[in-house]
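# Residue-level structure breakdown
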Amino acid sequence: MTQQASIGSVNQGGCSGWWQLYLHHRYGVLFYSLLLTLVGTPIAKALGWTGLGLQFFVGLNLLAATPSIDSKTGRRVPRIIVGTAVVFGIGSLWIGHSVLSTGALLLWTVIALYAVFGALRFVLRSSTIAFEHLYAALSAYLLAGVFLGVLYWTLEEAWPGSVTLNGPAASHPFNLAEGIYFSFITLATVGYGDMVPGSDVVRGLAIVEAIAGQFYLAVMIARLMSLYMRDKR
């Protein structure tokens, strides 16, 4: 009955109704978009699509994360700014302007990390727990991992040698797919040894990311469990 009423309100509201429906499930959409990126990254790398196509897909993730910044009014970071940043970043990469592309990718990272804080605020301020809160918690973790990977790749493009590759990977260039991979093995504190920080800046970022990843899991699990137990009581 509720689902039929929701669909009916969407039909009556037109585009506005669909937008409101999307806002109610924005973290679910974002989670599956990020998950598709992570699954598609090794496939794209195997097929040789590690250039502009993968960057375009990461840009779409940034657009999907935009409602997480401010779902009601968009006053803080308007959607038009995020869309412009995505177009500017892809355009600068297309024309091969290294300085502009570096600045655009840094802007992508800043916006994405701000969206991470929006997702965390959504979870931590809630007094109940629902699927959307779980999606928000998972999306924040994946979003941070993906766009910190963009940051690592940007640093390597600006200052070659920022990330050192070992073994068979040393013969290949450090691309965006490698940056995302390096970010997640750092976030999860796996550390296979095939990639290591090559500069003081990357070492500092790796330390912060590894510590933040462990704190995030501890705090978020405790918070979700407390909400779950409160609902049970």
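Shown above is the structure to which this text applies.
Report on the accompanying structure.

### Side note on the overall build of the protein
When its secondary structure is counted, the protein shows nine helices and two strands. Within the span of the protein, comprising 233 residues, buried residues form 43% of the whole. Contacts in the protein between residues far apart in sequence, at least 24 positions, make up 73% of those at least 6 positions apart. When the accessible surface of the protein is split by element, carbon and sulfur atoms take 69% of a total near 12500 Å².

### Quick notes on the nonpolar core
By size, the foremost hydrophobic cluster in this structure holds 49 residues, and its most contacted members are L143 and F147. Of all the secondary-structure elements, those providing two or more residues to this core are helix 3 (26–47), helix 4 (52–65), helix 6 (98–124), helix 7 (131–158), strand 1 (163–165), helix 8 (176–187) and helix 9 (200–232). The element that contributes the greatest number of residues to this core is helix 7, accounting for 15 residues. Each residue touching F147, except ones within four places of it in the same chain, is listed here: V58, N61, L62, W108, T109 and A112.

Conventions used here
Residues numbered from 1 in each chain as written. Predicted model: local features only at pLDDT ≥ 70, side-chain atom pairs only at ≥ 80, totals over all residues. Heavy atoms only, no water. Helix = DSSP H or I, 4+ residues; strand = E, 2+ residues; numbered from the N terminus. Buried < 20%, exposed > 50% of the residue type's maximum accessible area, 1.4 Å probe, protein only. Contact = heavy atoms within 4.5 Å. Areas by Shrake-Rupley, 256 points an atom, 1.4 Å probe, with all protein chains shown as cover. Core = buried A, V, L, I, M, F, W, Y, C linked by side-chain atoms within 4.5 Å.

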